[in-house]
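Inside the fold
For reference, the chains in residue letters:
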Amino acid sequence: MQKFFKQEWMSRLIDVMLPIFATLAALGVGAVMLILLNVNPFEAYGAMLEGAFGSANSIAETLVKATPLLLVGLGICISFRGSVINIGGEGQMIVGALLATQMGLVFTDLPGWFVIVLAMLMGFIGGAIWGGIPGYLKAYFGVNEILSTVMMNAIAVQLMNFLLRGPMIDPSQAQLDSKIPQTARLLEAFRLPRWMPTRLHLGFLLAVILAFLVYILLWRTTLGYRIRAVGKNPDAARYAGINVKRQVVLALLLSGAFAGLAGAIQVYGVNYRMITDGSASGFTGSAGFNGIVAALFGQLHPIGTIPASILFGALLVGANKMQRVVQVPSALVIALNGLVVVFVVSSDYWRRKRQRRRLAQASMDEGDDSSQPESPGQTSQTEVGS
Amino acid sequence: MDLIIILQAGVASGTVLLFATIGEIFAERSGVMNLGVEGMMLLGAMSAFSVAVSTGNPWLGLLVAMLAAGLLSQIHAFITITLQADQVVSGLALTFLGTGISLVLGEGLSKAGAISLLPNFSIPLLTKIPLIGPIFFTNQSIMVYIGYLFVPLSWYYINRTRPGMHLRAVGEHPAAADTLGINVYGTRYFYVFVGGVLAGLAGATISLAISPGWFSELTTAGQGWIAVGLVIFAQWDPVRAMFGSYAFGALRRLILDIQGPLTLFGFSNPFYYNPYWGFFLQMLPYAFTIIVLVIGSREAVRKRLGAPAALGLPYIRGERGL
């Protein structure tokens, strides 16, 4: 019996280590790309490591980058656990940020803490709306949520471009010929407290606290149970009396809400204004996509998503440094990102294989041949974590 | 704001969507959804343009684009078919990867000067047909004409030939196909490759014919995603894909043209006087995609049509289920 527990513990450890091996493999392929670009990969990755963890300031930058990834990732944990794919993080961040920023621009004579709380709330609501629409369309019209969320991203970008050039433009910019599409800066009183002299802000702490709350939501509340039940098996959930359509809407709505909050925190903690270069990534830094990667990396577990998003934050901050030191095109980071996902999603093969073997072993030990392993076709759909 | 010109240009830019959509139809009919179309198109557009710049031969560029995107698609094939991983995540990764590689290799390419492009020509006699002639057969790129031939050919291939039947069998019921001796894995690898090749062709059609040049991500500007959406609207049928593609192409052109004139239907043109209103117009293709998806999905439910039954599911020999 003791031996069994020991094996269990070992295989858990291997499960956790798999994504890390996958990342190393991705960096290995990245090294080949660097060599092809005539760059010494050791020098490049050295710069990356130093950029991410070299000083207190760089660690703070890593955490600043990790904050939106973690928040988006928490939303992804909720939706993917409910078997709903949310690729609309970018758009949800933008809409949340727009609504939140507007609060800071309008209520300039209210106390700071009140406006911050209001702005966070509006960010949450804005993201919830932008996630809820695809959720509603999926539940009641059968519209594929992957595509509708991607389309909602594109719509949000144009909405941002419109608002920042039109109604929300900085009054002082409106008079200039340059007309830079940006809002006015937020008042000092409305900015999230920072850990001086770095840019690390309260938003990171908030995100970590929320990670624990999402864990409670998913595993200790009825709502979380329902969402997961629908994610595992919608037919069984329906027979058990769960309103499947409502859970689908809620899963996407909550998922969007966390992304919207990420957008609001990005404005109130880091940028202090909204500015657009015409693309989504100009504002989000692709956190809406990278948060998905972070969540998958954390095996769709809110707590696991915390270290995962810090790792990805480090990758992003470090890549910036690498780009400056060894002079490679900045887009290399996008490719590296893709490689990491490729290897992480591939490594899942070995995890599932071992899981199957474990289940077979367990059923053999009990002498019970009726307990077949889950159909892998269903487990692999979105059920990446265990 | 000449309707004929809008439709003519719509058919041209719709050809891009047409290739990408039909490519994705092939892949999905075999049971593999590839969300990496955008990345593959971008890689196609970049490699086509860069080869055309360095060799001066656009045809060589076209070939390289198809091969490059086809090779990229094989990463997705390996991950989803052999390693049986989640198709959605892998497809997303492919978009990142394709975009990243294209932007790295395409750096500085946007400054390349004029190159020789794929030829435009008119079809004699057919141009004389009223309405149809000027829209479809006058001064179009050769890729547009290839598109016309391509639609009926792919319909015939999928629905009336033996390999097409195997393709559908693998997508609908891989276990049954397997017992009949059809190589499920090989078939899926092949049609994912076909999807990649056609996405590359679509990308090359942009950079060498329809709107020549390399404008980094804006070269494709999300058309790969629209193509994936059109597959659902098209109910996995090439002929419906053609209508959808051309309609979207025309919409894109209309959005450009509507911002030009001072007056619109006798009123002063709000999009001309407030240029930032144009951003609302730019939302339209995406909003329409959602509407099209709503219509397509409802129709699918009503007519009991739908996605290939095994779409998105990995096939594992000897396991229960599809």
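For the structure itself, look to the data block above.
To start, this report covers the structure provided alongside it. Being a predicted model, the structure only gives us computed values, none of them experimental.

1. Section: the packing of aromatic side chains
For the structure on display, the rule yields 20 aromatic pairs over all chains. Measuring from ring centre to ring centre gives 5.6 Å for phenylalanine 124 of chain A and phenylalanine 258 of chain A, while their planes differ by 75 degrees; the resulting arrangement is edge-to-face. With phenylalanine 124 of chain A in helix H5 (residues 112–141) and phenylalanine 258 of chain A in helix H11 (residues 244–271), the pair connects residues that are 134 residues apart, well separated along the chain. Three or more aromatic residues link up through ring pairs in this structure, and these residues are Phe121, Phe136, Phe137, Tyr145, Tyr148 and Tyr246 of chain B. Seen from the ring of tyrosine 272 of chain A, arginine 191 of chain A lies directly overhead, with NZ or CZ sitting 4.3 Å from the centre. Note that arginine 240 of chain B overlies the ring of phenylalanine 233 of chain B, its terminal NZ or CZ placed 5.0 Å from the centroid.

2. Here's the deal with helix H4 (residues 89–106) of chain A
With 18 residues, H4 of chain A extends 26 Å between its outermost C-alpha atoms, agreeing within 8% with the 26 Å of an ideal straight helix rising 1.5 Å per residue. With 14 of 18 residues buried, H4 of chain A lies mostly within the body of the structure.

3. Examining the interface of chain B and chain A
Opposite the 46 residues of chain B that make contact, chain A presents 51 residues. Applying the counting criterion to the chain B and chain A interface returns 0 salt bridges. Remark: the boundary between chain B and chain A carries 1 residue pair in polar contact (both at pLDDT 80 or more). Only helix H3 (58–82), helix H4 (87–105), helix H10 (223–233) and helix H13 (278–302) of chain B provide two or more residues apiece to the side of chain B that touches chain A. For the side of chain B that touches chain A, the element with the most residues is H13 of chain B, which contributes 12 residues. Grouping the amino acids of the side of chain B that touches chain A by side-chain chemistry returns 32 nonpolar, 9 polar and 5 charged.

4. Some points on empty space enclosed by the protein
Overall, the coordinates contain 2 cavities of 30 Å³ or more when judged by the stated rule. Counted as a void, the second largest cavity has a volume near 30 Å³. Lining the second largest cavity we find Phe289, Ile292, Val293, Leu296 and Val341 of chain A together with Val89, Leu92 and Phe96 of chain B. When residues of the lining of the second largest cavity are traced back to their parent elements, those giving at least two are helix H13 (287–297) of chain A together with H4 of chain B. No other element matches H13 of chain A, which puts 4 residues into the lining of the second largest cavity. Considered class by class, the residues forming the lining of the second largest cavity number 8 nonpolar, no polar and no charged.

5. Some remarks on the packing of H4 of chain A against H13 of chain A
Residues and elements named next belong to chain A. Between H4 and H13, the shortest axis-to-axis distance is 6 Å and the interhelical angle comes to 125 degrees. Overall, the two elements H4 and H13 adopt an arrangement that is oblique. From H4, Gly89, Glu90 and Met93 reach across to H13, where they touch Ala287, Gly288 and Phe289. Across the contact of H4 with H13, the residue classes break down as 3 nonpolar, 2 polar and 1 charged.

About the criteria used
Position numbers for residues count from 1 along each chain, tracking the sequence in the order it is written. Both sets of labels track the order of writing: A upward for chains, 1 upward for ligands. Only residues with pLDDT of at least 70 are given local features in this predicted model, and only at 80 or more are side-chain atom pairs given and counted; all residues enter the totals for whole chains, interfaces and linings. Water and hydrogen atoms were dropped before computing side-chain values, which therefore reflect all heavy atoms in the structure. Aromatic pairs are defined between Phe, Tyr and Trp rings, using the six-membered ring for Trp, whenever the two ring centres lie within 6.5 Å; interplanar angles under 30 degrees are classed as stacked, those over 60 as edge-to-face, and all others as tilted. Secondary structure elements are taken from DSSP: a helix is a run of H or I of four residues or more, a strand is a run of E of two residues or more, and numbering for both begins at the N terminus. Each ring is checked for a lysine NZ or an arginine CZ that lies within 6 Å of its centre and within 35 degrees of its normal; such an atom marks a charge sitting over the ring. By this rule, a helix spans an expected 1.5 Å times one less than how many residues it contains. Only protein chains enter the calculation, and the probe is 1.4 Å; a residue is then buried if its accessible area is under 20% of its type maximum, exposed if over 50%, and partly exposed in between. Two residues qualify as a contact provided that any one of their heavy atoms is within 4.5 Å of a heavy atom in the partner residue. We count a salt bridge whenever a side-chain nitrogen from Lys or Arg sits within 4 Å of a carboxyl oxygen from Asp or Glu. The term polar contact refers here to a pair of N or O atoms within 3.5 Å; inside protein, the definition further demands a hydrogen-donor-capable atom paired with an acceptor-capable atom, and it admits residues adjacent in sequence only when both atoms are side-chain atoms. Amino acid classes used here: Ala, Val, Leu, Ile, Met, Phe, Trp, Tyr, Cys and Pro are nonpolar; Asp, Glu, Lys and Arg are charged; the rest, including Gly, are polar. With a 1 Å grid laid over protein atoms only, a set of points is called a cavity when a 1.4 Å probe fits there but cannot get out and a pocket when it is open yet has protein on both sides within 12 Å along at least five of seven lines; lining residues have an atom within 4 Å of a point. Grid points are joined across faces, edges and corners, and a volume is the space filled by probe spheres set on the points. The axes used here are C-alpha line fits, helices contributing only the stretch in contact, and every angle between their N-to-C directions lies in the interval 0 to 180 degrees. Angles are sorted into four bins: roughly parallel if under 35 degrees, roughly antiparallel if over 145, roughly perpendicular if 65 to 115, and oblique for all others.

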